[in-house]
Every structure is written in C-alpha cells, then in structure tokens.
Amino acid sequence: MSPAPTTNPAYCSRTAAFLAGFRAAWGAALAYVVIGTYIGIAALARDFGFDLWWAAASTLLVWAAPAQVILVSALGTGGGAVETALAVGVSSARLLPMVMSLLPLIRGPQTSHRALILPAHLTAVSVWIEALRLLQSVPRERHVPFVNGLGVGFMAAAQAGTVAGYYLAGSLPPVLSAGLLFLTPISFLISTTRNCRLMSDWLALAFGIVLGPLLAALHLGLDLLWTGIVGGSLAYAIHRLRETLK
Amino acid sequence: MSELYAYLLLLLVGFLPTEIWRMLGFVAAHGIADETELFLWGRSVATAVLAGVIAKLILFPPEALASVPLVIRLGAIGCGFLAFLAVRRSVLAGVATGEVVLIVGALAHGI
C-alpha cells in the first residue's frame, strides 16, 4: 500500500488538520454525551460547594470524567486527601494503556517526543475512541495536529457542559436538577458497558456495582479503593482461570 | 475549605494522580504492547472502581437526586440500559430513555 499524497485540502496545513480534528469532535455523537456528562459533573460540583472556576480548572487539568466525579464527591463529603488521591489514581489507571496504544498510532518518523506531550494529556475515553476510528483517513504527518484538534474539540464540549451545568443546576426546577445529576451515573454505566469486551470487564462491572455501595454502607473507609482492588482482581482472576481451563 | 486550599487539593489529589498514568503511558508507548496481563488487571480494577462510583451515585445520591424515590432511579437505570441494548448499543438512546423515565417518574411522584 503506497501512502496517499496529501491532496485533501482539509489536511493541507497543520492548522487545517487541527481544525478538521476539532470539527470531527463536534460531529461525533460522543460530543453530546460529553456535554451531558459534564453538565452532570458541574451540577454535582456546585451541589458540593465548588465554584465554577474550580470546576472548569478540574476539567482542564484532570480531563477524566470518572476521576472528576470521585474528586468532587469525595472532597465534597469531607473525604481525606490521601484516600481521595488513591481512589482518583486507581480510577485513572485506564489512561495508561490508552495513551500507550494511541501515541504509536499518531507519531510519525519525524515526530519529536515533546510534540506528543499534549496528545498524551488530551487522551480521554472520547478522544481515544474517535481517534482510533478516524485516524486511518488522515495522512500520517497530520496525525498530531488532528488528534490535538479532536482533544481540544471534546474539551471545549466538556467546558461548555461545565458552564451550562453549573448555571443550570441552581436555577432549574428540582425535577430537572435531579435529571442532570442522573446523567453522570447513567452515561457512565452505559459507556462503561459499551467498552466491555472481555469477561473480566463484565465481571468487574458487576462486582463494582455490588461492592461499592456495600463497602460504603459498612463504613470501612477507603471503600472505593477496596472495591477496585477486590472486585477488579476477582474479575481478572476468574477471567484468567477460565482462559487457562479452556 | 479556603479557596486556595481547594485549588491545591485539585492539583495534588485530582491532577497528579490522573496525569501520572498519562505520563507513564507516554513512557511505555516506546516499547510495551497493549493488552498485556498487567494492563488487563489494571483495566478490571479501574472498571470496578467506576462501577462502584456509579452504584453509589444511584443508591446514595446528592440532594437533588435523592428526592426521587429509589424505585424510580433504579427503573430509569434499567430502562436506559435496555434501550441501549435494543437500539444498536447507542449511548445516546440509553441515556435519553433513562432520563425520560426518571423525569416522568419524578413528575408522576409529584416532585
């Protein structure tokens, strides 16, 4: 297969490729799930007493919806800093394999290490899914600006959701506030389910759903951390055992 | 919580524990393959934590959502999930259905 020459005007310059990525983000259905998810997160942040600038900064810096939900709910309910950091860290571990499997796809022979720092920071579930889907139709030398555009596009959607959710949460009738807060658990449950491929994924989801509230109700402390370690290891072990017995 | 302290917590408790994984991924991108055993375990742990967060948000929700009875919250999650499975695994269909059930249920309950 010979590489196609860069004739498509959408990729004629780095700026054009960045804008093509930005537009691709807003053209994806996921952008609207991201907006909805961040409306829910901002409403949650406001509910727990954080201001808008803090919420927007957390979207910019953390850029991982599950981690932000843990951060806001744990700090908001007076959770300890170390416990919160551990729970956030455990929930974000999935970013490692995502970044690891995305960067080799976007770097070319000429790409410097420094040019990959921004794509690494922008990597999130939404960006990862759309990058894997769209990159094959983008010329290799434009992959970095395209993914940067995609990431900035999704982050812009998230910030729009953050601002909207923050202002809507206080002024809406109670039924709509409830609806906004409900967006976070339902969109996470459904997008996590959609990402389930192996038996270990399905088991981890089921164990987490049971263990999370159970350990929280027992007031053992570090309940999310134990949910992850116990539920996740059990799911992985069963998966491994089944693969070995096959 | 003072304002400065809230931002300090954001950096130390939110940003650092998340960004470290991205930077490790950045380093690992040089050689290691995806889908190795260690990452499979890590993904299981992350999925279980996330599932725990979801279940806690539904069972012990923040104030505005807590006013909706548990049965309606669970019904909405169930209907949303079924819609997601029925409509070609569409996230939007699932979320929209769940939201409609929750809001209609809450209104019927007089909220």
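Residues numbered from 1 in each chain as written. Chains lettered and ligands numbered in written order. Predicted model: local features only at pLDDT ≥ 70, side-chain atom pairs only at ≥ 80, totals over all residues.

1. Focus on the overall build of chain B
On a plain count of helices and strands, chain B comes out with five helices and zero strands. Sequence-ordered secondary structure for chain B, helices as α and strands as β, is α-α-α-α-α. In terms of overall size, chain B is more extended than a compact globule, its C-alpha atoms giving a radius of gyration of 19 Å where 111 residues would be expected to give roughly 13 Å. With 111 residues in all, chain B has 49% of them scored as buried. Within chain B, contacts between residues separated by at least 24 positions form 42% of all contacts whose residues are at least 6 apart in sequence. (Helix = DSSP H or I, 4+ residues; strand = E, 2+ residues; numbered from the N terminus. Rg over C-alpha atoms; globule rule 2.2 N^0.38 Å. Buried ≥ 20, exposed ≤ 12 C-beta atoms within 10 Å, placed from the backbone. Contact = placed C-beta atoms within 7 Å.)

2. What to know about the nonpolar core
Counting residues in each nonpolar core, the largest one holds 118 residues, and the members touching the most others are Val 99 and Phe 154 of chain A together with Ile 54 of chain B. In contact with Phe 154 of chain A, other than residues within four places in its own chain, are Ala 25, Ala 31, Val 34, Ala 124, Ser 126 and Val 127 of chain A. (Core = buried A, V, L, I, M, F, W, Y, C linked by C-beta atoms within 7 Å.)

3. A few points about the domain arrangement of chain A
Residue and element names in this part refer to chain A. The domain architecture assigned to chain A consists of domain 1 (9-195) and domain 2 (198-246). Centre-to-centre separation of domain 1 and domain 2, based on C-alpha positions: 25 Å. Listed by partner, the interface residues are seven residues for domain 1 and six residues for domain 2. Sorting the residues of the side of domain 1 that touches domain 2 by element identifies helix H5 (81-92) and helix H10 (174-195) as the ones contributing at least two each. If you tally residues by element for the side of domain 1 that touches domain 2, the top one is H5, at four residues. The residue inventory of the side of domain 1 that touches domain 2, partitioned by class, reads four nonpolar, two polar and one charged. (Domains from an automatic or database assignment. Nonpolar A, V, L, I, M, F, W, Y, C, P; charged D, E, K, R; others polar.)

4. Remarks on unusual backbone geometry
The phi dihedral of Trp 63 of chain A falls on the positive side, at around 50°, and the residue is not glycine. When you line up the elements, Trp 63 of chain A lands in the loop between helix H3 (52-61) and helix H4 (65-76). We classify Trp 63 of chain A as buried; it has 24 C-beta atoms within 10 Å. A positive phi angle, close to 50°, is found at Arg 89 of chain B, a residue other than glycine. Mapping Arg 89 of chain B onto the fold places it in the loop between helix H4 (70-86) and helix H5 (91-108).

5. Description of the domain arrangement of chain B
Bring the parts together and some accessible area is lost; that lost area is often taken as the interface size. By domain assignment, chain B separates into domain 1 (1-32), domain 2 (34-61) and domain 3 (67-111). Once you take the C-alpha centre of each, domain 2 of chain B and domain 3 of chain B turn out to be 22 Å apart.

6. Some points on the interface of chain A and chain B
Counting residues at the interface gives 81 residues for chain A, matched by 65 residues for chain B. In terms of residue count, H10 of chain A provides more of the side of chain A that touches chain B than any other element does, 18 residues in total. Grouping the amino acids of the side of chain A that touches chain B by side-chain chemistry returns 54 nonpolar, 23 polar and four charged.

7. Quick notes on the packing of H4 of chain A against helix H1 (residues 3-28) of chain B
Where H4 of chain A contacts H1 of chain B, the two axes come as close as 11 Å, and the packing angle between them is 150°. When the axis of H4 of chain A is compared with that of H1 of chain B, the two are roughly antiparallel. Relative to H1 of chain B, the crossing made by H4 of chain A is right-handed. Contacts between H4 of chain A and H1 of chain B pair Ala 67, Leu 71 and Leu 75 of chain A from the former with Leu 9, Val 13, Gly 14 and Thr 18 of chain B from the latter. Taken together, the residues that form the contact of H4 of chain A with H1 of chain B break down as five nonpolar, two polar and no charged. (Axes fitted to C-alpha atoms, helices over the stretch in contact; angles between N-to-C directions. Parallel < 35°, antiparallel > 145°, perpendicular 65-115°, else oblique. Left-handed = near helix turned anticlockwise from the far one by under 90°.)

8. Observations regarding helix H2 (residues 29-47) of chain A
The terminal C-alpha atoms of H2 of chain A, which comprises 19 residues, lie 28 Å apart, in line with the 27 Å expected from a rise of 1.5 Å per residue. With its phi angle positive at about 90°, Gly 49 of chain A sits one or two positions after the end of H2 of chain A. (Expected span 1.5 Å × (residues − 1).)

9. With respect to the environment of Ala 206 of chain A
Tracing the backbone through its elements, the reader meets Ala 206 of chain A in helix H11 (residues 199-217). Residue classification places Ala 206 of chain A among the partly exposed residues on the basis of 15 C-beta atoms within 10 Å.

10. Some details on helix H12 (residues 223-245) of chain A
Over its 23 residues, H12 of chain A extends 32 Å from the first C-alpha to the last, a length consistent with the 33 Å expected when each residue adds 1.5 Å. Buried residues of H12 of chain A: Asp 223, Leu 224, Leu 225, Trp 226, Thr 227, Gly 228, Gly 231, Gly 232, Ala 235, Tyr 236 and His 239 of chain A, and no others.

11. Thoughts on the environment of Gln 136 of chain A
Residue and element names in this part refer to chain A. Locating Gln 136 in the fold gives a position in the loop between helix H8 (125-134) and helix H9 (143-171). Looking at Gln 136, the number of C-beta atoms within 10 Å reads 7, which means it is exposed. Each C-alpha atom of the pair Gln 136 and His 219 lies 49 Å from the other, and the pair is 83 residues apart in sequence.

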